[in-house]
Amino acid sequence: MSKRIAILGATGSIGTSTLDVIAQHPGRFEIVALTAHSRVSELASLCQQFRPRFACVSDPSCYSEFKALMGSAAPDTEVLAGPEGLEQVASESSVDAVMAAIVGAAGLKATLAAARAGKTILLANKEALVMAGSVFMNAVHENGATLLPIDSEHNAIFQSLPERFSGTIEGLGVRRIILTASGGPFRTRALAELRNITPDQACAHPNWSMGRKISVDSATMMNKALEVIEAHWLFGATAEQISVVIHPESIVHSMVEYLDGSVISQMGNPDMRTPIAQALAYPDRIESGVASLKLPAVGTLTFEEPDLSRFPAIRLAYATLSQGNSASAVFNAANEIAVAAFLDEKLPFLAITEVIEETLTEVPLTPTTRIEDVFFADQLARSCAASIVAKGRRRERNVA
Ligand code: NAD
Ligand code: MG
């Protein structure tokens, strides 16, 4: 029987890579639902190709345009709209696995709905887990959902853990998890050179082709910071059990060090179709379309310590973990506001982490036992970060 899949964020970088892998295996997977935010013509043409039972545009103002396009593109597909539509497809009884590939906090509700419905979740949307850590993991455990990491580092760790791993590394003889980081496009740039970085420069990643938000996160190293918190929740690892090493070639996707000194890693070319295929077929293995790794052509693999003075985000992630409560939700929300302002050319590159740090000191931290608490902290942090961005712009104008 084919595996029935819903893809949240089908028009994005992860979404289209997922469809690429699925298209290589006719009959093995059935696409039940595809979603996008507002790129209606792209979503309609994917529906024409994959004929899902449901399609959803999460921006409700795009509904009529999308519905009209679907009339000729895929008339048999039921058209849904808004955040409710996303939650509906994520928890549909005819869906086995949900690819959670919406970017940012916008993906949390639907991914949580999938957890509450006990689905297999292929988790790319790291922000959802960073924001809602314990609430999300409780929903996974209480409802018998299965969480398979798509983020290449976490997928590598998952593959390097023993088969009996079930949610925590405790008792598995693990000394630590070592996350690798490419260092992004500015790894070797001096601090002074980072001042006038443009959005296009920040989005030009040397090894990976990704959406714009995660590309900026890679350039500030916020991506690795979010991944430290993601690893904490996915693997039940303490902050002391998670370390980060810079590996510019992006061939070793992460490692697990055991008590006896063994270090197990997963390697491969930097192409997200590998972790996507691993999770789609798990526990089987299928072709992904990724070329064989030719180590002699790579030649040398190098590793170095991260420079926390130029890239303070990783230090902030560890501080956030030790603060607990709503700190991670605040950390994520402030980053989303700052990155959006940077992409909109309203905030200089180096100010992104400054806005996050300032928001973390200004917003009172609160317990997050229910999902409503998480959204409350998220909103508070967003308005605080937005006012810090606006204050910076007023200051800039006064100086000019
Ligand atoms: P992207 O920007 O290319 O695509 C984002 C998708 O989310 C699109 O389909 C878009 O329509 C949808 N979307 C955007 N805003 C939305 C909203 N408000 N409501 C509902 N849907 C919305 O992003 P991406 O690079 O594919 O990344 C997706 C997620 O995967 C992110 O959380 C990212 O951190 C994670 N991830 C990506 C990569 C990668 O290589 N691209 C690697 C690891 C993890
Ligand atoms: Mg990653």
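Check the entry above for the structure.
Residues numbered from 1 in each chain as written. Chains lettered and ligands numbered in written order. Predicted model: local features only at pLDDT ≥ 70, side-chain atom pairs only at ≥ 80, totals over all residues. Heavy atoms only, no water.

### Some remarks on the pairing of strand S6 (residues 120–123)
Thinking step 1. As judged from the four bridges shared by strand S5 (residues 97–100) and S6, these two strands associate in the parallel manner. Residue pairing in the sheet places Ala97 in a bridge with Thr120 of S6.
Thinking step 2. Between the parallel elements S5 and S6, the chain passes through helix H5 (residues 108–116) in a crossover that is right-handed.
Thinking step 3. Sheet topology note: the S6/strand S7 (residues 146–149) ladder contains four bridges and is parallel. The residue bridging Ile121 from the neighbouring strand is Leu147, located in S7.
Thinking step 4. The handedness of the S6 to S7 crossover, carried by helix H6 (residues 126–142), is right-handed. (Pairing = 2+ DSSP bridges. Helix = DSSP H or I, 4+ residues; strand = E, 2+ residues; numbered from the N terminus. Right-handed = clockwise from strand over helix to strand, strands pointing away.)

### Details of unusual backbone geometry
Thinking step 1. Cis geometry marks the peptide bond from Tyr282 to Pro283, where omega comes out at 5 degrees.
Thinking step 2. Along the chain, Pro283 falls in the loop between helix H11 (273–281) and helix H12 (295–298).
Thinking step 3. At Ser250, a position not held by glycine, the phi torsion is positive, near 50 degrees.
Thinking step 4. Positive phi, normally seen in glycine, also occurs at Asn325, with a value near 45 degrees.
Thinking step 5. Since its relative accessible area comes to 48%, Asn325 is described here as partly exposed. (Buried < 20%, exposed > 50% of the residue type's maximum accessible area, 1.4 Å probe, protein only.)

### Remarks on the environment of Gly71
Thinking step 1. Within the element layout of this structure, Gly71 appears in helix H3 (residues 63–73).
Thinking step 2. The class of Gly71 is partly exposed, set by a relative accessible area of 49%.
Thinking step 3. Put simply, Gly71 and Ala377 are 306 residues apart on the chain and 41 Å apart in space, counted from C-alpha to C-alpha.

### Section: the site of ligand 1
Thinking step 1. Surveying the vicinity of ligand 1 reveals 22 residues, the closest of which are Thr11, Ser13, His37, Glu127 and Gly211.
Thinking step 2. In the model, an oxygen atom of ligand 1 is placed 2.9 Å from a nitrogen or oxygen of the Ser13 main chain.
Thinking step 3. Between ligand 1 and Ser58, the relevant distance is 3.4 Å, taken from a nitrogen atom to a side-chain nitrogen or oxygen of the residue.
Thinking step 4. Out of a free accessible area of 830 Å², ligand 1 has 88% covered by protein chains.
Thinking step 5. Elements supplying a minimum of two residues to the shell around ligand 1: helix H1 (13–23) and H6. (Near = heavy atom within 4 Å. Polar contact = N/O pair within 3.5 Å; in protein donor to acceptor, adjacent residues only side chain to side chain. Areas by Shrake-Rupley, 256 points an atom, 1.4 Å probe, with all protein chains shown as cover.)

### Overview of a nonpolar patch on the surface
Thinking step 1. Residues Met267, Leu295 and Val298 make up a contiguous nonpolar surface patch of about 220 Å² in total accessible area.
Thinking step 2. By the secondary structure assignment, Val298 is in helix H12.
Thinking step 3. For Val298, a relative accessible area of 30% puts it in the partly exposed group. (Patch = residues over 30% accessible without salt bridge, like charges linked within 9 Å, V, L, I, M, F, W, Y side chains within 5 Å. Salt bridge = Lys/Arg side-chain N within 4 Å of Asp/Glu carboxyl O.)

### Observations regarding the packing of aromatic side chains
Thinking step 1. Following the criterion strictly, the structure yields five aromatic pairs and no others.
Thinking step 2. Here the aromatic rings of Phe158 and Phe165 are separated by 6.2 Å at their centres, their planes lie at 80 degrees, and the arrangement is edge-to-face.
Thinking step 3. Residue classification places Phe158 among the buried positions, given a relative accessible area of 12%.
Thinking step 4. Given the relative accessible area of 14%, Phe165 is considered buried.
Thinking step 5. Connected via pairs of aromatic rings, a cluster forms that spans Phe158, Phe165, Phe235 and Tyr282. (Phe/Tyr/Trp six-rings, centres within 6.5 Å; stacked < 30°, edge-to-face > 60°.)

### Things to note about the pattern of salt bridges
Thinking step 1. Overall, the coordinates contain 22 salt bridges when judged by the stated rule.
Thinking step 2. Salt-bridge contacts for Asp284 lead to Arg28; the nearest nitrogen and oxygen are separated by 3.1 Å. Here the residue Asp284 occupies a position in the loop between H11 and H12, and Arg28 occupies one in the loop between H1 and strand S2 (29–36), the gap between them amounting to 256 residues.
Thinking step 3. Bridged by salt links that share partners, the residues Lys126, Asp151, Glu153, Lys224 and Glu227 form one connected network.

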